[in-house]
Amino acid sequence: DTGVSQDPRHKITKRGQNVTFRCDPISEHNRLYWYRQTLGQGPEFLTYFQNEAQLEKSRLLSDRFSAERPKGSFSTLEIQRTEQGDSAMYLCASSTWGQFNEKLFFGSGTQLSVL
Amino acid sequence: AQTVTQSQPEMSVQEAETVTLSCTYDTSENNYYLFWYKQPPSRQMILVIRQEAYKQQNATENRFSVNFQKAAKSFSLKISDSQLGDTAMYFCAFGTGSQGNLIFGKGTKLSVKP
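Residues numbered from 1 in each chain as written. Chains lettered and ligands numbered in written order. Predicted model: local features only at pLDDT ≥ 70, side-chain atom pairs only at ≥ 80, totals over all residues. Heavy atoms only, no water.

Asks: Pulling in residues and values, what's your account of the pattern of salt bridges?
Replies: For the structure shown, the criterion picks out seven salt bridges over all chains. The shortest N-O distance in the salt bridge between Asp26(B) and Lys73(B) comes to 3.4 Å. A residue pair is termed long-range when its members are at least 10 positions apart, and Asp26(B) in strand β4 (residues 24-26) and Lys73(B) in the loop between β8 (64-69) and β9 (74-79) qualify at 47 residues. Overall, the relative accessible area of 40% leaves Asp26(B) in the partly exposed class. Given a relative accessible area of 25%, Lys73(B) falls into the partly exposed group. Close ionic contact of Lys55(B) with Glu52(B) constitutes a salt bridge, the shortest N to O distance being 3.8 Å. Shared partners join several salt bridges into a network, and the residues in it are Arg64(A), Glu83(A) and Asp86(A). (Salt bridge = Lys/Arg side-chain N within 4 Å of Asp/Glu carboxyl O. Helix = DSSP H or I, 4+ residues; strand = E, 2+ residues; numbered from the N terminus. Buried < 20%, exposed > 50% of the residue type's maximum accessible area, 1.4 Å probe, protein only.)

Asks: I'd love a proper account of the side chain of Ser65(B), names of residues and values included.
Replies: Locating Ser65(B) in the fold gives a position in strand β8. Excluding anything up to four places from it in sequence, Ser65(B) contacts Ile49(B), Ala59(B), Thr60(B), Ser76(B), Leu77(B) and Lys78(B). (Contact = heavy atoms within 4.5 Å.)

Asks: Please give an account of the confidence of the model for chain A that cites residues and values.
Replies: For chain A, the average pLDDT comes to 91, and 94% of its residues sit at 70 or higher. Element-level mean pLDDT values for chain A span from 90 in strand β6 (residues 53-57) of chain A up to 98 in strand β3 (residues 19-24) of chain A. (pLDDT = per-residue confidence, 0-100.)

Structure below.
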């Protein structure tokens, strides 16, 4: 068990460019979550998957954002036409869903800076 | 809609002393669970302690314990014998069995001083 890993750790991009982040969850975990965290704030939910199905999306997830988990393993989060307001830490978390047994394991995050 | 409020943006405590971090929440759900997560500087977030709402007994994990007051919708974290490694952001979080995501508070920055 190597934990949840995210790549890259840091990404600097220019406004208008597209970026893609990757998350590898803990192997036996069937749920995968994406959160966004800005400075001085708690994580804000973006979306989650159960296996390969995307079950919920926050209204924070504009149409410039898309997430996939094609085989129920790793996930990617893509942001198109980045804006300065997209600058944040993007956190991935995974869990094994059980009744009232939700416990999230977080990755170290991808810090995005949009110039 | 559920909300989580942490009213203490920053706190400090002397090493070996006890500190309590506050959290209140609002929900109409009856079955839910509450968490405290710790985020050390530049490191990943880890679970400190969790509490199921249907359990009256307060959860305890070594030096960490909670005071869960369901009627008051209060969920405070007590850290005993504070250690330098406890320096971190602490987030209170709320979840239910009917939704997939957790809702986090804005966090409390705890500094443990030698």
